[in-house]
Amino acid sequence: VRSIAFHASKAATAQVQIFTRAGPYRGYEGNESAWTLIYDKVIVMNDRNIPTKIVAFDRNIFITAGATQSFYIFTPNKLMYASGTTEGALVSSDSAMELYEGL
């Protein structure tokens, strides 16, 4: 995984931090030492109708087949999201990856 996209609530210049950890996030939400910072920059975010793309993390994240990798995006600018149905439900998939609902 080298990039990610998200919807910000409004166009703004703000810090974005992206963290990751091998394995599930459940039980590690408040454990800062369990997460690795892979992106930390001040960027110009698009408005809510245009995804903001982070095109290159500070390092690539390699995920072996069948493994779980968790990601956490932080910014003081609000992120947009859609309410899911069930935590852990499959959201999207292709031949290389499956994306599941989180918190």
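In the block above lies the structure referred to throughout.
Since this is a predicted model, take the numbers as computed values, not measurements.

Cut-off values and rules
Residues numbered from 1 in each chain as written. Predicted model: local features only at pLDDT ≥ 70, side-chain atom pairs only at ≥ 80, totals over all residues. Heavy atoms only, no water. Helix = DSSP H or I, 4+ residues; strand = E, 2+ residues; numbered from the N terminus. Rg over C-alpha atoms; globule rule 2.2 N^0.38 Å. Buried < 20%, exposed > 50% of the residue type's maximum accessible area, 1.4 Å probe, protein only. Contact = heavy atoms within 4.5 Å. Areas by Shrake-Rupley, 256 points an atom, 1.4 Å probe, with all protein chains shown as cover. Polar contact = N/O pair within 3.5 Å; in protein donor to acceptor, adjacent residues only side chain to side chain. Phe/Tyr/Trp six-rings, centres within 6.5 Å; stacked < 30°, edge-to-face > 60°. Lys NZ or Arg CZ within 6 Å of the ring centre and 35° of its normal. Salt bridge = Lys/Arg side-chain N within 4 Å of Asp/Glu carboxyl O. Pairing = 2+ DSSP bridges. Axes fitted to C-alpha atoms, helices over the stretch in contact; angles between N-to-C directions.

With that settled, the discussion passes to the overall build of the chain. Of the regular secondary structure elements, the chain holds 0 helices and 7 strands. Reading the chain from its N terminus to its C terminus gives the helix and strand order β-β-β-β-β-β-β. Computed over its C-alpha atoms, the radius of gyration of the chain comes to 14 Å, within 12% of the 13 Å expected for a compact globule of 103 residues. In terms of its C-alpha atoms, the chain occupies a principal-axis envelope of roughly 35 × 30 × 30 Å. Going through the 103 residues of the chain one by one, you find that 25% of them count as buried. Across the chain, every contact between residues at least 6 apart in sequence was considered, and the portion connecting residues at least 24 apart equals 65%. In the form shown here, the chain has an accessible surface area of approximately 7200 Å², with 53% of it arising from carbon and sulfur atoms.

Moving on: the side chain of Asn-77. Residue placement: Asn-77 occurs in the loop between strand 5 (69-74) and strand 6 (90-93). Polar contacts involving the side chain of Asn-77 include one to the side chain of Ser-9, which spans 3.4 Å. In terms of polar contacts, Asn-77 uses its side chain to reach the backbone carbonyl oxygen of Lys-10, at 3.0 Å.

Our focus in this paragraph is the packing of aromatic side chains. Tallying each qualifying case throughout the model produces 3 aromatic pairs. With centroids separated by 6.2 Å and ring planes inclined at 45 degrees, the aromatic side chains of Phe-19 and Tyr-72 adopt a geometry described as tilted. Residue Phe-19 is located in strand 2 (residues 12-22), and its partner Tyr-72 is located in strand 5; the two are separated by 53 residues in the primary sequence. Owing to a relative accessible area of 44%, Tyr-72 belongs among the partly exposed residues under this scheme. Members of the aromatic cluster, each reached through a chain of ring pairs, are Phe-19, Trp-35 and Tyr-72. The ring of Tyr-28 has Arg-21 lying over it, and the distance from NZ or CZ to the ring centre is 3.6 Å.

Inspection of every chain in the model, using the stated rule, returns 3 salt bridges. Among the salt bridges present, the one from Arg-26 reaches Glu-29, with a minimum N-O distance of 3.6 Å. Judged by relative accessible area, which is 49%, Arg-26 ranks as partly exposed. On the basis of relative accessible area, Glu-29 is assigned to the partly exposed category, the value being 42%. Here Asp-58 and Lys-41 are joined by a salt bridge, their closest N and O atoms 2.7 Å apart.

Taken together, the 3 strands give an open sheet; going across it, the order is 3-2-5, and neighbouring strands pair in antiparallel fashion. Bordering the open sheet on either side are strand 3 (36-45) and strand 5, each of which pairs with just one other strand. Across this sheet, the average inter-strand angle for adjacent strands is 20 degrees, counted without regard to direction. Across 6 bridges, strand 2 lies against strand 5 in antiparallel orientation. Across the sheet, the residue bridging to Arg-21 is Ser-70, located in strand 5.

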